[in-house]
Amino acid sequence: MLILFLIFLSIAAGVTSMLLGAVPIAPARAWAAMTGHGDPVASAIIIDLRLPRTIIGLAVGAMLGLSGAVMQGYLRNPLAEPSVLGTSNAAALGAVGAIYFGLVELSPLFLPVMAIGGALLSLLLLFVLAGRSESPLTLILAGIAVATLAIAGISLALNMSPNPFAAMEIMTWLLGSIENRSFHHVVIALPCIVIGAGLLLMDGHALDALTLGEDGARALGIDLRITRLRIMFGIAIGVGGAVAVAGAIGFIGLIVPHLIRPLTDRAPSSTLLPSALAGASLLTLADIAVRVIPSTNELKLGVMTAFLGVPVFLVHLLRERRIW
């Protein structure tokens with residue numbers, strides 16, 4: 001029932017995203033545009049602008065929600081998300097490097113290539129720092145080091161930007177947005193997201209076994225090294241592709257598993273697919289909100305999701321304070 005409801009919610013969010021915006025379009029007019037019988041203006045808005053934006057919103061949200069659920073299950077930490085391992089920050093650093101050195105002006109492909117390259121490089125650095133240790137704590141500490149290094153690199157790029165316009169472009173991208181995306185961006189992001197999600201969905205049984213601890217998981221026949229490799233590659237490829245087209249959008253991976261977990265049996269495997277569907281719905285609905293909220297300039301999606309993440313932190317703060 002939960003999965004069916006979330007599928008319906010995702011479809012409803014996608015349809016609403018197609019209809020709402022700066023220029024609302026009636027359902028009949030939108031359907032005519034989708035079937036090739038609409039007027040040129042409606043077809044341009046629906047097919048060229050809103051359809052790619054909706055697809056990217058659903059795909060990126062699903063990847064972020066799924067990766068957050070996997071990270072919280074693997075690290076057994078309720079505040080874990082992809083940025084814990086430095087993947088999001090490293091992907092952002094790669095994209096910032098493409099903007100800073102002017103590679104984007106040579107070819108738009110440099111932005112996703114550099115972002116995915118940054119995510120994969122962070123994975124390599126993470127393995128070097130963590131060594132042969134299979135402990136989640138070691139990965140968290142190594143991830144903090146990688147994330148800090150990536151943030152320092154982004155700050156350096158902002159500090160050394162050759163002109164204010166370059167710094168403004170970097171800052172705008174770091175705020176996260178799926179505005180003005182095309183099918184070119186869909187082609188770039190979707191294969192990475194599909195591959196990354198496929199790798200992460202394979203480890204539901206391993207995540208359930210890890211609730212018994214590392215020794216208990218080994219006793220059940222789980223190869224923790226293979227599991228770690230699969231999770232790290234899945235997050236690096238999937239999140240790298242998502243960041244490449246959407247910028248730095250945070251907190252979706254943190255919020256969604258907490259919304260889903262009380263509706264399941266709380267086993268990590270039972271939250272994976274629902275978290276992907278809920279992440280797709282939440283990010284798409286947040287994108288609709290930034291379009292319809294009256295403002296001089298369209299709000300950035302990363303700003304909206306950051307505000308959504310604050311209540312989750314407050315709930316955990318109050319809960320932990322009562323325990324203490």
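One can find the structure itself at the top, above this paragraph.
*Asks:* Residue-level account of the environment of Leu126, with values.
*Replies:* Along the chain, Leu126 turns up in helix α6 (residues 110-130). The sequence separation of Leu126 and Val146 amounts to 20 residues, and the corresponding C-alpha distance is 6.9 Å. Leave out the neighbours within four places in its chain, and Leu126 touches Leu85, Leu139, Ala142, Gly143, Val146 and Met232.

*Asks:* So what's going on with the nonpolar core? Which residues, and what values?
*Replies:* In summary, soluble globular proteins display a tendency toward joint burial of nonpolar side chains. Residues Val60, Leu75, Trp173 and Ile231 are the most contacted members of the largest nonpolar core, which totals 76 residues. Top contributing element to this core by residue count: helix α3 (residues 40-75), with 12 residues. Not counting chain neighbours up to four residues away, the residues in contact with Trp173 comprise Ala92, Ala95, Ile99, Leu111, Val243, Ala244, Gly247 and Ala248. Core analysis: the next-biggest nonpolar cluster, separate from the first, contains nine residues, Met18, Ala30, Ala42 and Ile46 among them.

*Asks:* I'd like to hear about the packing of α3 against helix α9 (residues 183-201), residue by residue, with values.
*Replies:* Packed helices, taken two at a time, are described by their axes: the angle between them and the distance between them. Running from N to C, α3 and α9 point in directions that differ by 20 degrees, and their axes come no closer than 10 Å. Taken as axis vectors, α3 and α9 run roughly parallel relative to one another. Seen from above, α3 lies across α9 with left-handed handedness. Residue-level inspection shows Ile47, Leu51, Pro52, Ile55, Ile56, Ala59, Val60, Met63, Leu66, Ser67 and Val70 of α3 in contact with α9, the latter providing Phe183, His185, Val186, Leu190, Ile193, Gly196, Ala197, Leu200 and Leu201. Tallied by class, the residues present in the contact of α3 with α9 amount to 17 nonpolar, three polar and no charged.

Conventions adopted
- Residues numbered from 1 in each chain as written.
- Predicted model: local features only at pLDDT ≥ 70, side-chain atom pairs only at ≥ 80, totals over all residues.
- Heavy atoms only, no water.
- Helix = DSSP H or I, 4+ residues; strand = E, 2+ residues; numbered from the N terminus.
- Contact = heavy atoms within 4.5 Å.
- Core = buried A, V, L, I, M, F, W, Y, C linked by side-chain atoms within 4.5 Å.
- Buried < 20%, exposed > 50% of the residue type's maximum accessible area, 1.4 Å probe, protein only.
- Axes fitted to C-alpha atoms, helices over the stretch in contact; angles between N-to-C directions.
- Parallel < 35°, antiparallel > 145°, perpendicular 65-115°, else oblique.
- Left-handed = near helix turned anticlockwise from the far one by under 90°.
- Nonpolar A, V, L, I, M, F, W, Y, C, P; charged D, E, K, R; others polar.

By themselves, these figures tell us nothing about what the structure is for.
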